[in-house]
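# Coordinates in review
If you want the building blocks of each chain, they are given just below.
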Amino acid sequence: MPYPLRHLAPALGLTWALLCSPVHAAGDWEPMQPPGARDSVATWSRPLPGQAVKAFRGVTEAHVNAWAVLALLADTPNLANWVFQGRESSHPDGLPADQARIRFKGVWPADDRDVLIRTTVTQLADRSIVVDSRQVDGLPHNDCCVRIPMLHNVFKLVPLPGGWTRVEFETQIDLGGMVPAWLANAVSTKAPLLTLQNLQQQVRKPVYQIQSPTELPQQYHQGGLFSLPPEHLKGGS
């Protein structure tokens, strides 16, 4: 059984989403980027009925502890600096701390997109941590962007011995509006690869090398603190 659900300061960007947990990934995923070195990124995609953009999935392992990855995901203002096509990311005034607005750059002839997401975090019995972000209503219309009508994104953080963390990332998205086929293909191909490559660079920054969950935003502490295995913390950041 999972530990009690926590709310996380939203942290995702890119219009991410997911129907199935990374752990239970079905065998119909098509490989795009093959696995390489331990800290490289492997990616997959699969078509979804009625959706222009394929679901996409990526996996990498980072030589930092899971606290560092959570600290990066919780840094909402920085999301636009590393998620695929991110332009702006913020907590809108008057909305709960577990919600964030993400704006993504359009690629001509497509306009910019934006979305309001709500993020929750759950720790499973095996100590892995699931960060789940979904599109929600409540964001006033803005003429700058096409509103993303559906987004479901999941990060799963698996603590490994020696201070390594496996990051599993899946997204399902409806970009809204007219989406050329070449653009839809580019999103499903580039988004998981570039997002996780950028995550690898960002997560090594000193600001994210925290040593305790008490250093995470207060939303993480609802229902109790997360814990990580001693063999994971030994030798980690």
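Residues numbered from 1 in each chain as written. Predicted model: local features only at pLDDT ≥ 70, side-chain atom pairs only at ≥ 80, totals over all residues. Heavy atoms only, no water.

### Some details on the overall build of the protein
- Assigned secondary structure in the protein consists of three helices and 11 strands.
- For the protein, the α and β elements follow one another from N to C terminus as β-β-β-β-α-β-β-β-β-β-β-β-α-α.
- Relative to its full complement of 237 residues, the protein shows a buried share of 54%.
- Element-wise, carbon and sulfur atoms account for 55% of the exposed surface of the protein, whose accessible area totals about 10300 Å². (Helix = DSSP H or I, 4+ residues; strand = E, 2+ residues; numbered from the N terminus. Buried < 20%, exposed > 50% of the residue type's maximum accessible area, 1.4 Å probe, protein only. Areas by Shrake-Rupley, 256 points an atom, 1.4 Å probe, with all protein chains shown as cover.)

### Some words on the nonpolar core
- Counting residues in hydrophobic clusters, the biggest one holds 47 residues, and the most contacted among them are Leu70, Trp82, Ile129, Phe155 and Val187.
- Among the secondary structure elements, those contributing two or more residues to this core are β4 (55-62), α1 (66-74), β6 (99-104), β7 (113-123), β8 (129-135), β10 (150-160), β11 (164-174) and α2 (181-202).
- Sort the elements by how many residues they give to this core and α1 lands first, with eight residues.
- Counting six residues, the second-largest nonpolar core is a separate cluster that includes Trp29, Leu48, Ala55 and Val59. (Core = buried A, V, L, I, M, F, W, Y, C linked by side-chain atoms within 4.5 Å.)

### Focus: the pattern of salt bridges
- Counted by the stated rule, this structure contains 14 salt bridges.
- Across the salt bridge formed by Asp132 and Arg134, the nearest N and O atoms sit 3.1 Å from each other.
- A salt bridge links Arg166 to Glu168; the shortest N-O distance between them is 2.9 Å.
- The structure contains a network of salt bridges with shared partners spanning Arg87, Glu88, Arg101, Arg103, Asp112, Asp114 and Arg147. (Salt bridge = Lys/Arg side-chain N within 4 Å of Asp/Glu carboxyl O.)

### Some thoughts on the environment of Gln218
- With respect to the helices and strands, the residue Gln218 is situated in the loop between α2 and α3 (230-233).
- On the basis of relative accessibility, which here comes to 56%, the residue Gln218 falls in the exposed class.
- As a C-alpha pair, Gln218 and Ala97 span 121 residues in sequence and 9.4 Å in three-dimensional space.

### Here's the deal with the confidence of the model for the protein
- A residue-level look at the protein finds 85% of positions with pLDDT of 70 or above and a mean pLDDT of 86.
- This stretch, residues 1-26, has a pLDDT under 50; its non-local contacts, to residues over four places away or in other chains, come to 133 contacts. (pLDDT = per-residue confidence, 0-100. Contact = heavy atoms within 4.5 Å.)

### Some words on the environment of Ser212
- Structurally, Ser212 is set in the loop between α2 and α3.
- The class of Ser212 is partly exposed, set by a relative accessible area of 22%.
- Each C-alpha atom of the pair Ser212 and Ser227 lies 9.0 Å from the other, and the pair is 15 residues apart in sequence.
- Among the polar contacts listed, one links the side chain of Ser212 to the side chain of Thr214, at a separation of 2.8 Å. (Polar contact = N/O pair within 3.5 Å; in protein donor to acceptor, adjacent residues only side chain to side chain.)

### Structural notes on the pairing of strand β3 (residues 42-46)
- Counting buried positions along β3 yields five of five residues, so the element is predominantly enclosed.
- By the alternation rule, side chains of β3 split into Ala42, Trp44 and Arg46 and Thr43 and Ser45, which are all buried.
- Summarising the sheet, strand β2 (residues 30-33) and β3 pair through three bridges and their orientation is antiparallel. Across the sheet, Pro31 pairs through a bridge with Trp44, a residue of β3.
- Direction of pairing for β3 relative to β4: antiparallel, over a ladder of five bridges. What sits directly across from Thr43, in β4, is Gly58. (Pairing = 2+ DSSP bridges.)

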